[in-house]
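Chain and residue survey
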Amino acid sequence: MKVEILNPKAYCAGVSNAISLALKVRKDNPHREVYVLGMLVHNNFVVKSLEKQGIKSVNKIEDIPDGQIVIFSAHGHKRELDAIAKEKNLTIYDSICPKVLHNITLIEENLEKGHQIIYIGQAGHPEAEACLSLSKKVILYDKNVLKNYQLINDESPLVINQTTLNILDIKNDHEDILKVFPKARIADEICGSTRLRQKAIVDSSTDVDLIIVVGDQKSSNSKRLLEIARSTHPHVSSIMISDARELDVSLLINKNHIVISSGASTPNEIIDEVYNRIINY
Ligand code: SF4
């Protein structure tokens, strides 16, 4: 049986930087409480490991005691949270991924020039929420709600997207938008890490008979990997698991070529555990 781990495999640069920052903040502030608002990165193992080191995750900024430390997550945060953090006298550290920050800057520059923004992303995802919070002129694209287009009074809006979307689906979204706004300016901002991981699945050989995506259910980029696996290899079993214990080994029976893909926030050791469970089966 051939078992192949696709590359890229380890944390993306954004996840790696966010974890390093959180650990540095913890080390530099031994006598203060350190909180992350939301999940620093979308992987429960990472969050638990940070908690063991005294870096707590909370869902609401109100849950952080005044005067303590808040770390904003790699996905970005809603604009209004800055003012609340100041009111609470929190010390702010921002672990936003440079790629997300680049998109926010692009949106802000376009807003300053008077443009509207069509934002392609997942409602409720922190990165999308961060971008939508910049202005009411940033409109969430929903192909099923065409009336949203009535909110656009700009001949050449900027079209931009969440960094972890599906490289195949986004092409259709762009085509649909261009039919309504032929002068729209398309900024395809899927990040390199997401793009390469998805492409590795697209390019997987046709003799693959099981694709395993290792990633957290909350991880947008991991879920897109599963989508890509299912759409480009429709006759192959494709599953997503968060760790080796979730692997149903009965799926390995009669398999000759197994491919393991992984999300950008999946720890290396978890991927290795999945690999070892398969080869030792
Ligand atoms: S997946 Fe992309 S956007 Fe998200 S943290 Fe990694 S590099 Fe940044």
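Residues numbered from 1 in each chain as written. Predicted model: local features only at pLDDT ≥ 70, side-chain atom pairs only at ≥ 80, totals over all residues. Heavy atoms only, no water.

Read across the sheet, four strands follow the order 3-2-4-5 without closing on themselves; strand pairing throughout is parallel. The strands lining the two open edges of the sheet, one partner per strand, are strand 3 (55–58) and strand 5 (91–94). Averaged over all adjacent pairs, the angle separating strand axes in this sheet is 30°, with direction ignored. Bridge count for strand 2 (residues 34–37) against strand 4 (residues 69–72) is four bridges, and the pairing is parallel. (Pairing = 2+ DSSP bridges. Helix = DSSP H or I, 4+ residues; strand = E, 2+ residues; numbered from the N terminus. Axes fitted to C-alpha atoms, helices over the stretch in contact; angles between N-to-C directions.)

With that out of the way, let us pick up the nonpolar core. By size, the foremost hydrophobic cluster in this structure holds 27 residues, and its most contacted members are I118, I120, I177, F181, I201 and I211. Within the residue set of this core, elements represented by two or more residues are strand 6 (117–120), helix 6 (169–180), helix 7 (192–202), strand 10 (210–214) and helix 8 (220–232). Ranked by the residues each element gives to this core, the list is headed by helix 8, at four residues. When residues of this core are assigned to domains, at least three fall in each of domain 1 (2–10 + 192–279) and domain 3 (99–186). When near neighbours in sequence (up to four residues on either side) are disregarded, I201 contacts L6, I211, L225, I228, A229, T232, H233 and S261. (Core = buried A, V, L, I, M, F, W, Y, C linked by side-chain atoms within 4.5 Å. Buried < 20%, exposed > 50% of the residue type's maximum accessible area, 1.4 Å probe, protein only. Domains from an automatic or database assignment. Contact = heavy atoms within 4.5 Å.)

With that settled, the discussion passes to the sheet that holds strand 12 (residues 257–262). What the four strands build is an open sheet, ordered 1-12-10-11; its pairing is parallel. The sheet is open, and its two edges are formed by strand 1 (2–5) and strand 11 (237–241), each paired on a single side. Between one strand axis and the next, the sheet turns by 20° as a mean value, whatever way the strands run. With five bridges connecting them, strand 10 and strand 11 associate as parallel partners. Opposite I211, over in strand 11, you have S238 as the bridge partner. The strands touched by helix 8 are strand 10, strand 11 and strand 12; relative to strand 11, the strand with the most contacts, the crossing angle is about 170°.

This brings us to the packing of helix 7 against helix 8. Two elements in contact, helix 7 and helix 8, have axes whose closest approach is 9 Å; the angle formed by their N-to-C orientations is 25°. In terms of their interaxial angle, helix 7 and helix 8 are classed as roughly parallel. Judged by the sense of rotation from one axis to the other, the crossing of helix 7 with helix 8 is right-handed. Between helix 7 and helix 8, the residues in contact are T194, R197, Q198, I201 and V202 and N221, R224, L225, I228, A229 and T232, respectively. (Parallel < 35°, antiparallel > 145°, perpendicular 65-115°, else oblique. Left-handed = near helix turned anticlockwise from the far one by under 90°.)

In this section: the domain arrangement of the chain. Parsing the chain into structural domains produces domain 1 (2–10 + 192–279), domain 2 (13–97) and domain 3 (99–186). Look at where the C-alpha atoms of domain 1 and domain 2 centre, and you get two points 29 Å apart. Taken residue by residue, the interface counts 11 residues in domain 1 and eight residues in domain 2. Of the roughly 710 Å² buried at the junction of domain 1 and domain 2 (both faces included), carbon and sulfur atoms supply 62%. Together, D216, K218 and S265 form the three largest contributors to the area buried by domain 1 at its contact with domain 2, with a combined 56%. (Buried area = accessible area lost by both parts, 1.4 Å probe.)

Most of strand 11 sits out of view: four of its five residues are buried. Taken together, strand 10, helix 8 and strand 11 form a β-α-β motif whose crossover is right-handed. (Right-handed = clockwise from strand over helix to strand, strands pointing away.)

Another point: the pattern of salt bridges. For the coordinates displayed, the defined rule picks out 13 salt bridges. Across the pair D66 and K88 runs a salt bridge, and its minimum N-O distance is 2.8 Å. Pair noted here: D66 is in the loop between strand 3 and strand 4 and K88 is in the loop between helix 3 (80–87) and strand 5, with a separation of 22 residues, a long-range link. Classification of K88 as buried rests on a relative accessible area of 13%. Linking D203 and K199 is a salt bridge whose minimum nitrogen-to-oxygen distance equals 2.9 Å. We classify K199 as partly exposed; its relative accessible area is 44%. (Salt bridge = Lys/Arg side-chain N within 4 Å of Asp/Glu carboxyl O.)

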